[in-house]
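Observations on chain architecture
Below, each chain spelled out in residue letters.
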Amino acid sequence: QVQLVESGGGLVQTGGSLRLSCVFSGRTFTRDVMGWFRQVPGKEREFVGCISNSASSTNYADSVKGRFTISRDNAKNTVYLQMNSLKPEDTAVYYCAARGGYGSFYTETDEYDYWGQGTQFTVSS
């Protein structure tokens with residue numbers, strides 16, 4: 001059974017940076033596309049970005065493009081979300097997600113099979 005465990009949340013000031021991590025276990029990491037999503041109370045979970053299984057391609061939501069970077073270390077079974085130039089509207093619970101396959105085309109929540117428990121961070125103004 002695939003398990004995903006996020007870490008790295010907390011409190012950061014506007015304009016600051018933060019890196020989230022997600023450790024994957026349960027099967028061969030390189031078979032999975034990894035995604036990051038976020039959710040605020042009362043709203044649907046939204047796509048942040050994803051990275052292909054080989055790390056050769058990434059895809060980002062327009063709202064984070066140029067500020068967030070997804071990477072993965074396949075030797076450590078870990079995917080990262082580096083967030084720079086943070087804004088208060090980035091405040092959310094962030095989730096990592098996994099699905100088998102290739103490419104970086106998967107932007108919908110129902111395209112992912114496994115989810116982490118989420119990690120909260122807040123950007124203070």
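It should be noted that the structure appears before, not after, this text.
Residues numbered from 1 in each chain as written. Predicted model: local features only at pLDDT ≥ 70, side-chain atom pairs only at ≥ 80, totals over all residues. Heavy atoms only, no water.

1. Examining the overall build of the protein
- Looking only at helices and strands, the protein has zero helices and eleven strands in total.
- In terms of overall size, the protein behaves like a compact globule, its C-alpha atoms giving a radius of gyration of 13 Å where 125 residues would be expected to give roughly 14 Å.
- For the protein, the spread of C-alpha atoms along the principal axes amounts to about 40 × 25 × 25 Å.
- Look at the contacts in the protein between residues 6 or more apart in sequence, and 60% of them connect residues 24 or more apart.
- Approximately 6,200 Å² of the protein is accessible, and the part contributed by carbon and sulfur atoms is 45%. (Helix = DSSP H or I, 4+ residues; strand = E, 2+ residues; numbered from the N terminus. Rg over C-alpha atoms; globule rule 2.2 N^0.38 Å. Contact = heavy atoms within 4.5 Å. Areas by Shrake-Rupley, 256 points an atom, 1.4 Å probe, with all protein chains shown as cover.)

2. Quick look at the nonpolar core
- Membership of the largest hydrophobic core comes to 34 residues, with the highest contact counts inside it found for M34, W36, L81, M83 and Y94.
- Residue assignment for this core shows that the elements contributing at least two residues are strand 3 (18–25), strand 4 (32–39), strand 5 (46–51), strand 7 (68–73), strand 8 (78–83), strand 9 (92–100) and strand 11 (119–124).
- Of the residues forming this core, the biggest block, five residues, is contributed by strand 9.
- Those residues in contact with L81 that lie beyond four places of it in its chain are L18, R19, L20, W36, V48, F68, T69, I70 and Y94. (Core = buried A, V, L, I, M, F, W, Y, C linked by side-chain atoms within 4.5 Å. Buried < 20%, exposed > 50% of the residue type's maximum accessible area, 1.4 Å probe, protein only.)

3. Details of the state of the cysteines
- Tallying each qualifying case throughout the model produces one disulfide.
- Disulfide partner of C22: C96, at an S-S distance of 1.9 Å. Residues C22 and C96 share a disulfide whose torsion about the S-S bond is about 45°; that sign makes it right-handed. Taken together, the residues span a long stretch of sequence, with C22 in strand 3 and C96 in strand 9 at a distance of 74 residues.
- Look at C22 and you get buried, because its relative accessible area is 0%.
- Of all cysteine sulfurs in the structure, the one in C96 sits closest to C50, which takes part in no disulfide; the separation is 13 Å.
- For C50, a relative accessible area of 0% puts it in the buried group. (Disulfide = S-S within 2.5 Å.)

4. Digging into the sheet that holds strand 8
- With antiparallel pairing, four strands are arranged side by side in an open sheet as 1-3-8-7. At either end of the open sheet lies a strand with only one pairing partner, and these are strand 1 (3–7) and strand 7. On average, adjacent strands in this sheet sit at an angle of 15° to one another, irrespective of strand direction. (Pairing = 2+ DSSP bridges. Axes fitted to C-alpha atoms, helices over the stretch in contact; angles between N-to-C directions.)

5. What about the environment of Q117?
- As for its placement among the helices and strands, Q117 is situated in the loop between strand 10 (114–115) and strand 11.
- Owing to a relative accessible area of 48%, Q117 belongs among the partly exposed residues under this scheme.
- Separated by 22 residues in the primary sequence, Q117 and Y95 have C-alpha atoms spaced 6.7 Å apart.
- With residues up to four places along the chain from it excluded, the contact list for Q117 reads L4, V5, E6 and Y95.

Everything listed here is a matter of geometry and, on its own, says nothing about what the molecule does.
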